[in-house]
Amino acid sequence: PDFSLLEQVKAKLSSCCLDIEQFMEAEQTAESALRDLSTCSWKMFEKAWMSIVDLTTQYVEDNSRTDVVDGRVLASLLALRTEALVKNHMLREAKHTLGVFRKLFPDLTLP
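Residues numbered from 1 in each chain as written. Predicted model: local features only at pLDDT ≥ 70, side-chain atom pairs only at ≥ 80, totals over all residues. Heavy atoms only, no water.

**Details of the packing of helix 2 (residues 49-56) against helix 3 (residues 71-87)**
- Where helix 2 meets helix 3, the axes come as close as 9 Å, and the angle between the chain directions of the two elements is 135 degrees. The pairing of helix 2 with helix 3 is recorded here as oblique in orientation. As helix 2 runs across helix 3, the sense of the crossing is left-handed. Contacts between helix 2 and helix 3 involve W49, I52, V53 and T56 from the former and L77, L80, R81, A84, L85 and K87 from the latter. (Axes fitted to C-alpha atoms, helices over the stretch in contact; angles between N-to-C directions. Helix = DSSP H or I, 4+ residues; strand = E, 2+ residues; numbered from the N terminus. Parallel < 35°, antiparallel > 145°, perpendicular 65-115°, else oblique. Left-handed = near helix turned anticlockwise from the far one by under 90°. Contact = heavy atoms within 4.5 Å.)

Written out as structure tokens, the structure is:
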């Protein structure tokens, strides 16, 4: 048997399975974004900046599945994240978050 071909098929199958898993988790991401927005809104009231940063990190990571999240919810999460980062003097990360926001919402500006 051609072992190199089998290894290639195995690698492709693993990649395909990962894509399917991420697709199946997309619905959960949309639901958790709503919960995260509610939690972050409360955390803003408490001035728990790092909690907001921790909760919203998944929305600015490379290859995050933000396409399944309602635009208003995602924009609000990114705005809250940016404010929390600035309040916590994490300006480099705030700049990164602003870049993500501009890429996703080129016609909008943050307050």
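**Considering the nonpolar core**
- Within the largest apolar cluster, 22 residues are counted, with the highest numbers of intra-cluster contacts made by I52, Y59, L77 and L78.
- At the level of elements, helix 1 (3-46), helix 2, helix 3 and helix 4 (91-104) are the ones that each hand at least two residues to this core.
- Not counting residues within four places of it along the chain, the set of residues in contact with L77 comprises A33, D36, L37, C40, T56 and Y59. (Core = buried A, V, L, I, M, F, W, Y, C linked by side-chain atoms within 4.5 Å. Buried < 20%, exposed > 50% of the residue type's maximum accessible area, 1.4 Å probe, protein only.)

**Some words on the environment of D54**
- Examined against the element boundaries, D54 turns out to sit in helix 2.
- D54 sits 27 residues away from R81 along the chain, and the two C-alpha atoms are 9.0 Å apart.

**Considerations on the packing of helix 3 against helix 4**
- Contact geometry of helix 3 with helix 4 gives a least axis separation of 8 Å together with a crossing angle of 160 degrees. Considering their axes alone, helix 3 and helix 4 lie roughly antiparallel with respect to each other. Helix-helix and strand crossings are classified by hand; for helix 3 and helix 4 the assignment is left-handed. Of helix 4, the residues touching helix 3 (which contributes L74, A75, L78, R81, T82, L85 and V86) are L91, E93, A94, T97, L98, V100, F101 and L104.
- Split by residue class, the contact of helix 3 with helix 4 holds eleven nonpolar, two polar and two charged. (Nonpolar A, V, L, I, M, F, W, Y, C, P; charged D, E, K, R; others polar.)

Honestly, that's just the spatial picture; any functional story needs more than this.
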